[in-house]
Amino acid sequence: MIRHLFKLIWNKKQTHALLIIEIWASFLVLFGLATLIFYNVRNYIQPLGFEYENVWAMSLNNNQDTIAIQEKVETIFAHVKGFPEVQSVSRMSDSYPFSQSNNSRTVKYNNVATQIGVVVADENLSKTIDIPLIKGKWYRNADSIGKYIPVVINRKAEALLFENQSAVGKILSDYDGKATWIVSGVIDHYKDKAEFMENKPFLFELLKSKDIWNKTLVIHVKPGTDAIFEAKLVKGISSIAKGWSTDIVYLTDARQKQHDMTLIPVLIFLIVCSFLLINVALGLFGILNLSIARRRGEIGLRRAMGATEKMVTAQFLGEIWVLSTFSVILGLILAVQFPLLNVFDVAAGIYGIAIVTATLIIFVIVTLCAWYPSSQASRIHPAIALHED
Amino acid sequence: MLANYIKIAWKVLLRHPFYTFITLFGISLTLTVLMLLTSFLDHLIGAHYPETKRNRTLYIERIVMQDSARQSMMSNSMSFKFLTDYAKTVKAAERVTIFSYFNGSNAYVGSRKIKLNITFSDADFWRVSDFKFIEGKPYNEQNIANGDYVAVITDDFKKHYFANSDEPVIGKNVEIESINYKVIGVVKGSPITRPFTHADVYFPYTAPKSNYQNSGMVGNFIAMVLAKDPSELKAVQSEFQSNIAKIPLPGNQGGFKYNILEVRSDPYLINFLTAILHGGPGLRNIFYGVIGFVMLMVMGLPAINLVNLNVGRILERSSEIGVRKAFGAPVKTLMWQFIVENIFITFIGGGIALILTYILIQIINTSGWIAYADLTINFKVFLVSIVVCLVFGLLSGVLPALRMSKLSIIDALKS
């Protein structure tokens, strides 16, 4: 049966060439769309790893003031902490959660080197945005006296650098191979560019007490704290440090911005693709309607020879399935290059799921488009069909 | 005769409303997507308010320093002093403005917080750009020399900040980061998609917190250089590059030793693409890949669909061709009929697309999705895409018809 169908298709390969190209192109579009969606969905379902509700990020800039920066930052820190509305406050680098900036370094352990995202933060960060630890403990400010800088890494970084061993207590080296950091704890997830970010290796480094560069304050306020308090806070700071700039960002707003940056392109892509596919489905329906109606004589003959309605429908569906299989195989040749050449740094599993989904959708569409005209045509009475010829 | 052809075309369209619908859907959808896309690109890179002189403006956005082995790199905006020394001195230019990239800030009104973007600029900023002043005037060299605490605000910010936004606000104070500034002018704002001129509040660069005093080469300032004429852009560029070449190499910037120094002055489009084109082969491949894929999708698929459908449907016209030939119609006349038919349906599709695009653009412009969005229909693109549609229509509708009309009458009539 299948061999027969292949022969039927092969005999009319010229007429079917355009149809095959159309299904092939649709397959590629669907493959692209499915990859994009599955990539984002897989990232989304992994936990974020920290809390952002009622958390503000305040960037400080000393501008032209160069006198006693460290003392002023400490005074501001104490001032902010003193308010009853503030539950907890932490000082860190510019790359606060959901910020647009990021920082990364090469980190080595024995012979393994990897690029790791770096955040510089003090001892309060895990408490302020509630990052649970799974091994070891979060470093203390007092730990800075040791030979190495204490750090906390996430599980992804631990897996990359240490494979199956525990990281706690191990010494990490920088790009030049100089022993620099000591791991004091391991956290689970930290997706600092919001839910749609891939879970990447991360490292938190203890902020040195003499540091004058990293002065973003992450402030966890009590629920219901409003802009009146915020204005009071900013006023207080400008009286402590004249000429400094302050910019307060709510983490919920920053998170929304990160989401928009991911979702708007996906949404536009989705809308355009769905219109394209509707277009293709309608066109396919029209073409199949025409070509099946033209074969009434053949249908009549088969019916007269004892074929049931179901058998006739099955033949046409089989033909279009064989055609789609041709197209999908052609598409697959192109699609498998993505995981093989690792074009977009996406896990091979994502491509696999995307290929399966795209194939399934293609078969559903062609079946829907072919089913109505072929079942319509199979109902023709053989006497009428044969008489017309 | 033409009226007759159109009448026939209309009847043919009505004979199979479903197929007509598919064809029109394909044509109008493709054109709509294409026009929306180009309208958005035009919004991003075309010369529009307030950067209406973009065709003769050069943008200086970053200084790139590298060591001799090109191992480490530092890329940043520049200091006010650097731009004054090397960009402001370009003699071939009509004007040069130095200003900062916009920066986030907050203002508090009662219990409300207003998020806003601020920019520091010199007085030439208002001459290089073409802002429309609804009230008041820009700050001038005198304000800057005096170090006045003045500000130019946008109409949008005025509406948010002042309780009674119908009254003029010139001379009133706005408090931003605990400093009071006097409002000197109100302008119609620039959308965020034009990052060079976008901001909510503009200050003279001598206002507090602008950091124009920074010595050294890097800072938070950028520049726009206006040439007298688009043909003089090359001359301005080469003069600026010769200024840059005077900087002694190798040098040291804040502890970073560099042997290679690059400061580009590019027209907007090239500056816009620099980040992509100079971002390494990976980024460039992704960029071209995405563009190719989108073109394949948006143009290729509907074209194949249209050709497919047309080729399939031409057979049902064979008896019509046969009958007309039997009554003595020459091939030329038959061809004209099919051509008119194709042009007719393409124009209907184009008309629908035009209306659809207009509606969508209105929705985008008024939705506030992008503040101050001013998307317009680009008729040049519309004409080109109509021509492309016609070519595909003619290839797929008329060529098979031509082949068929060359058949002998008997064969055509039989099928």
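Residues numbered from 1 in each chain as written. Chains lettered and ligands numbered in written order. Predicted model: local features only at pLDDT ≥ 70, side-chain atom pairs only at ≥ 80, totals over all residues.

As named in an unreviewed UniProt entry, chain B is Putative ABC transport system permease protein, taken from Dyadobacter koreensis.

As recorded in an unreviewed UniProt entry, chain A goes by Putative ABC transport system permease protein and comes from Dyadobacter koreensis. On record in UniProt, under Subcellular location (unreviewed entry), the comment for chain A is "Cell membrane". In its Sequence similarities (unreviewed entry) section, UniProt records this for chain A: "Belongs to the ABC-4 integral membrane protein family." (UniProt positions renumbered as here; feature names shortened; annotations may be inferred.)

Turning to the UniProt feature "transmembrane region" (unreviewed entry) in chain A, a few remarks are in order. Residue and element names in this part refer to chain A. Per the UniProt record, "transmembrane region" (unreviewed entry) is found at residues 21-41, 263-290, 311-336 and 348-372. The span residues 21-41 is 100% helix and 0% strand, and its two end C-alpha atoms sit 30 Å from each other. For the annotated span residues 348-372, helix accounts for 100% and strand for 0% of the residues, and the straight-line distance between the end C-alpha atoms is 37 Å. (Helix = DSSP H or I, 4+ residues; strand = E, 2+ residues; numbered from the N terminus.)

Turning next to the domain arrangement of chain A. Residues and elements named next belong to chain A. Along its sequence, chain A is carved into domain 1 (2-45 + 257-388) and domain 2 (63-243). Between the C-alpha centres of domain 1 and domain 2 the distance comes to 52 Å. Contacts between domain 1 and domain 2 engage 6 residues on the former and 7 residues on the latter. Those elements giving two or more residues to the side of domain 1 that touches domain 2 turn out to be helix H2 (13-45) and helix H7 (251-293). For the side of domain 1 that touches domain 2, the per-class residue count stands at 1 nonpolar, 5 polar and no charged. (Domains from an automatic or database assignment. Contact = placed C-beta atoms within 7 Å. Nonpolar A, V, L, I, M, F, W, Y, C, P; charged D, E, K, R; others polar.)

The subject of this paragraph is the interface of chain A and chain B. Across the boundary between the two partners, chain A contributes 35 residues, which contact 34 residues of chain B. Secondary-structure elements contributing two or more residues to the side of chain A that touches chain B are H2, helix H6 (227-240), strand S11 (245-250) and H7 of chain A. For the side of chain A that touches chain B, the element with the most residues is H7 of chain A, which contributes 11 residues. For the side of chain A that touches chain B, the residue count by class is 18 nonpolar, 12 polar and 5 charged.

This part covers the domain arrangement of chain B. Residue and element names in this part refer to chain B. Assigned domains within chain B: domain 1 (2-47 + 282-414) and domain 2 (62-263). The straight-line distance from the C-alpha centre of domain 1 to that of domain 2 is 47 Å. At the junction of the two partners, domain 1 supplies 6 residues and domain 2 supplies 6 residues. By residue class, the composition of the side of domain 1 that touches domain 2 is 5 nonpolar, 1 polar and no charged.

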